[in-house]
Amino acid sequence: PVPSARHRGSPGEPRALFALPSARGPLPPPRWPVECEVIKETIEHIEWVPSQPEPFCQPAGPEWAPAALGEEQGTVVYHLSTAPPGSCFTRSRVGGAPGPLSSPAAPLEGPQDTTLLFESRFESGNLQKAVKVGPFEYVLTLRPDLYTTKHTQWFYFRVQNTRRDPLYRFTIANLAKPKSLYGEGMRPLLYSQRDAQSRGIGWRRVGADVRYYQGGSGEEPAAFRLSWTVRFPHDGDTCFFAHSYPYTYSDLQRYLRALAGDPVRSRYCAVRALCRSLAGNTVYLLTITSPTAVAAKRAVVLSARAHPGESGGSWAMRGFLDFLLSAHADARLLRRLFVFKVVPMLNPDGVVVGNSRCSLAGRDPNRAYGTALRGSFPGVWHLRATVERVLAEREVVLYCDFHGHSRKNNVFMYGCDGGGAGAGPRLRQRVFPLMLSKNAPEKFSFPSCKFKVQKSKAGTGRVVMWRMGVSNSYTMEVAFGGSTLGGRSSHFTVEDLKSLGYHLCDTLLDFCDPHPAKVGQQPRREPRHPGWSRGRGDAGAVPQFQQCLSEVDVLLRQRLGRELGSGSSWSDVSPSELES
């Protein structure tokens, strides 16, 4: 089903054994655990970027919180039964639970009934219960990650039977994290089907009086609440709410099908199955390079969506692939210089069922790289094995795993400073993120980057790849909120998220440029993307490796607050001292 490119690539690569998206015919449908009911409708959203920035709202303080209302004060209008506590994954099928669908939503009593109709039984959906506690007020409960009792953060659900005039209030009552960007002005996302069809408007930020606060004292374990008010744009509309711009497994498959059907791009992009997930969904591996002189090339490894609720990682990955597979001169140069190994969705099962953090093993895949069992974490196990094979034949110049962050705005990286090494490795570790901050000054914050290797992070992809010998090994964290840099104080759009992928390509060329431009010279390359500001000083000079290395040295001395003593060096300074 994939054009001739499938037979190329480096030795030892997985064979195309499983269903791959063919240029023609239906997409391989996702497989679901048998406990999950799935509606038949296909949910698709248009892509749209607002013409004006969407500013953060003024955060409402915790001094007043809406009364903690439960179902004893209201009527349950939606309740989804899920896997019982203590159960574990056993088997899956296309379409989820067999047999007729249940009716989790309470039926309307007539045309005058203004009760909202809730639904979340679709790809990436998450809402377990809705209780109507006032004419236009609802208390919502999210479903924990399947086969766990934790990790409530991601939400994505549909409402129908809307009314345009009333002010509605929604309160999600069981969020897990004590701190959230909702407490700093972030607003939830709304999608109106009528606006999408008639006006071409997609996901937008909505909500007034947005509050994030601790729930009632009697709740075990302590739960946190998100509350907001909103007016719907139309009567009788179908709308969706989400924590972040959804990017589903089917969205990825549609993208890969378009790739497979493109005679140009499929020449230098081989789509293969890395493995099957626990539910039997294909984990895809893309190998991207020009077909010449492959043996001499260095490698770059990228992955996204280990944590399924961090959908911004998929949009950044989309931007990366869009640029790398384009006809742009710099994209051609990158394909000529490197072999790219890309796993765009490491945890497809978690994405399909609407988990926040876990796979169907009920555990966090990004803590399993050190001990990953092939049977429990197939994606992680096979990605690590792929990197081991690649390292045996070539240098891996960069590993980057794309994630989302719920407590800090902007984009930043976590790297690996193990301490004790000489100045060279410790300073070089910080150069790539510093370069990226210069290429994306309105999004990427170098001061937010951290490099200490904490014990609790020993099983992450970043730390394990670094210990395997990839010295530039990073997690890229993309805020669920937006940017506070360069005069901005606004939410990220889908285009902002995709631009991170373009900026990563840009920075990779700067980082590996064999002939750095002299400061003040015209850049040897045009900007990556129409309308971008390159964020350079000095007549657009490209930030060079050596220049950034010196700058890192100065920045670390400033952070340390003292000069290194005579006879001492960076190897005598602990990572903790640099992060304090």
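Residues numbered from 1 in each chain as written. Predicted model: local features only at pLDDT ≥ 70, side-chain atom pairs only at ≥ 80, totals over all residues. Heavy atoms only, no water.

Asks: Pulling in residues and values, what's your account of the overall build of the protein?
Replies: Looking only at helices and strands, one finds 13 helices and 23 strands in the protein. The burial tally for the protein puts 59% of its 580 residues in the buried class. Long-range contacts, defined as pairs at least 24 residues apart, comprise 76% of the intrachain contacts of the protein with a sequence gap of at least 6. Element-wise, carbon and sulfur atoms account for 53% of the exposed surface of the protein, whose accessible area totals about 23,000 Å². (Helix = DSSP H or I, 4+ residues; strand = E, 2+ residues; numbered from the N terminus. Buried < 20%, exposed > 50% of the residue type's maximum accessible area, 1.4 Å probe, protein only. Contact = heavy atoms within 4.5 Å. Areas by Shrake-Rupley, 256 points an atom, 1.4 Å probe, with all protein chains shown as cover.)

Asks: Hey, could you go over the pairing of strand β12 (residues 224–230) for me, with residue numbers and the actual values?
Replies: Within β12, seven of the seven residues are buried, leaving the element largely enclosed by the surrounding structure. On β12, burial covers both faces: Phe-224, Leu-226, Trp-228 and Val-230 on one face and Arg-225, Ser-227 and Thr-229 on the other are all buried. Alignment of strand β8 (residues 168–175) against β12, held across six bridges, turns out to be antiparallel. Directly across from Arg-169, in β12, lies its bridge partner Thr-229. (Pairing = 2+ DSSP bridges.)

Asks: Before we move on, can you summarise the sheet that holds strand β7 (residues 156–160) with the specific residues and values?
Replies: The sheet built from five strands is open, its strands ordered β4-β7-β13-β9-β10 with antiparallel pairing. If you trace the sheet from one side to the other, it starts and ends with β4 (117–119) and β10 (204–205), each paired once.

Asks: A description of the nonpolar core should follow, citing residues and the corresponding values.
Replies: Judged by nonpolar contacts, the single largest core of 128 residues is most densely connected at Phe-118, Phe-170 and Phe-241. If one sorts the elements of this core by residue count, helix α11 (residues 494–511) sits on top with nine residues. Each residue touching Phe-241, except ones within four places of it in the same chain, is listed here: Phe-155, Tyr-156, Phe-157, Val-159, Phe-170, Leu-189, Leu-190, Trp-203, Val-206, Trp-228, Val-230 and Phe-232. Ranked by size, the runner-up nonpolar core spans 21 residues in total, among them Val-301, Val-343, Tyr-369 and Leu-383. (Core = buried A, V, L, I, M, F, W, Y, C linked by side-chain atoms within 4.5 Å.)

Asks: Tell me what's going on with the environment of Val-352, and back it up with residues and numbers.
Replies: Relative to the elements of secondary structure, Val-352 occurs in helix α6 (residues 348–353). A C-alpha to C-alpha distance of 6.7 Å links Val-352 and Thr-248, two positions 104 residues apart in sequence. Apart from the residues within four sequence positions on either side, Val-352 is in contact with Pro-30, Arg-31, Trp-32, Phe-122, Glu-123, Ser-124, Tyr-249 and Asn-281.

Asks: Which residues make up the pattern of salt bridges, and what values do they have?
Replies: All chains considered together, the criterion is met by 24 salt bridges. A salt bridge links Glu-41 to Arg-158; the shortest N-O distance between them is 3.0 Å. A residue pair is termed long-range when its members are at least 10 positions apart, and Glu-41 in the loop between β1 (31–33) and β2 (75–79) and Arg-158 in strand β7 qualify at 117 residues. Take Glu-41: its relative accessible area is 47%, and that puts it in the partly exposed class. (Salt bridge = Lys/Arg side-chain N within 4 Å of Asp/Glu carboxyl O.)

Asks: How would you explain empty space enclosed by the protein if you had to name every residue and give the values?
Replies: Tallied over the entire structure, the rule returns seven cavities of 30 Å³ or more. Roughly 170 Å³ of internal volume is contained in the largest cavity. In this structure, the largest cavity is lined by 16 residues; those nearest its centre are Cys-36, Glu-37, Leu-80, Thr-82 and Arg-143. Residues belonging to the lining of the largest cavity are distributed by class as follows: seven nonpolar, five polar and four charged. (1 Å grid on protein atoms, 1.4 Å probe; cavity = no way out; pocket = protein on both sides within 12 Å on 5 of 7 lines; lining within 4 Å. Points joined across faces, edges and corners; volume = space filled by probe spheres on them. Nonpolar A, V, L, I, M, F, W, Y, C, P; charged D, E, K, R; others polar.)

Asks: Can you explain the UniProt feature "active site" (unreviewed entry) in the protein? Please cite residues and give values.
Replies: Those residues carrying the UniProt feature "active site" (unreviewed entry) are Glu-477 in this numbering. Assignment of secondary structure puts Glu-477 in strand β21 (residues 473–479). Beyond its immediate stretch of four places on either side in the chain, Glu-477 contacts His-403, Gly-404, His-405, Asn-410, Val-411, Phe-412 and Tyr-414. (UniProt positions renumbered as here; feature names shortened; annotations may be inferred.)

Asks: Explain unusual backbone geometry residue by residue, including any values.
Replies: Residue Ser-124 is not a glycine yet carries a positive backbone phi of 70 degrees. Structurally, Ser-124 is set in the loop between β4 and β5 (129–134). The residue Ala-293 is not glycine, and still its phi comes out positive at about 45 degrees. Inspection of the secondary structure puts Ala-293 in the loop between β15 (282–288) and β16 (298–304).

Asks: Please give an account of the sheet that holds β21 that cites residues and values.
Replies: The sheet built from eight strands is open, its strands ordered β14-β15-β17-β16-β18-β21-β19-β20 with mixed pairing. A single partner strand is all that each edge strand has here, and the edge strands are β14 (269–276) and β20 (450–452). Averaged over all neighbouring strand pairs, the angle between strand axes comes to 20 degrees, with direction disregarded. As paired elements, β16 and strand β18 (residues 396–405) share six bridges and run parallel to each other. What sits directly across from Ala-299, in β18, is Val-396. Against the sheet, helix α5 (residues 329–337) makes contact with β15, β16 and β17 (338–343), and its axis sits at roughly 95 degrees relative to β17, the strand it touches most. The strands that α11 touches are β16, β17, β18, β19 (411–417) and β21; relative to β18, the one it contacts most, it runs at about 155 degrees. (Axes fitted to C-alpha atoms, helices over the stretch in contact; angles between N-to-C directions.)

Asks: Can you tell me about the confidence of the model for the protein, naming the residues and giving the values?
Replies: On average, residues of the protein score 88 in pLDDT, and 86% of them reach the 70 mark or higher. Segment residues 1–17: pLDDT under 50, and 39 contacts once partners within four positions in sequence are set aside and those in other chains are kept. Every residue in residues 516–542 is under pLDDT 50, and counting partners more than four places away or in other chains gives 60 contacts. (pLDDT = per-residue confidence, 0-100.)

Asks: Describe the packing of helix α4 (residues 312–324) against α11, and please don't skip the residues or the numbers.
Replies: One way to put it is that α4 packs onto α11 with a least axis distance of 7 Å and a crossing angle of 50 degrees. Viewed along their axes, α4 and α11 adopt a mutual orientation that is oblique. Considering the relative orientation of α4 and α11, their crossing is right-handed. Where α4 abuts α11, its residues Gly-312, Trp-315, Ala-316, Arg-318, Gly-319, Phe-320, Asp-322 and Phe-323 lie against Val-494, Leu-497, Lys-498, Leu-500, Gly-501, Tyr-502, Leu-504 and Cys-505. When the residues that make up the contact of α4 with α11 are grouped by side-chain class, the tally is 10 nonpolar, three polar and three charged. (Parallel < 35°, antiparallel > 145°, perpendicular 65-115°, else oblique. Left-handed = near helix turned anticlockwise from the far one by under 90°.)

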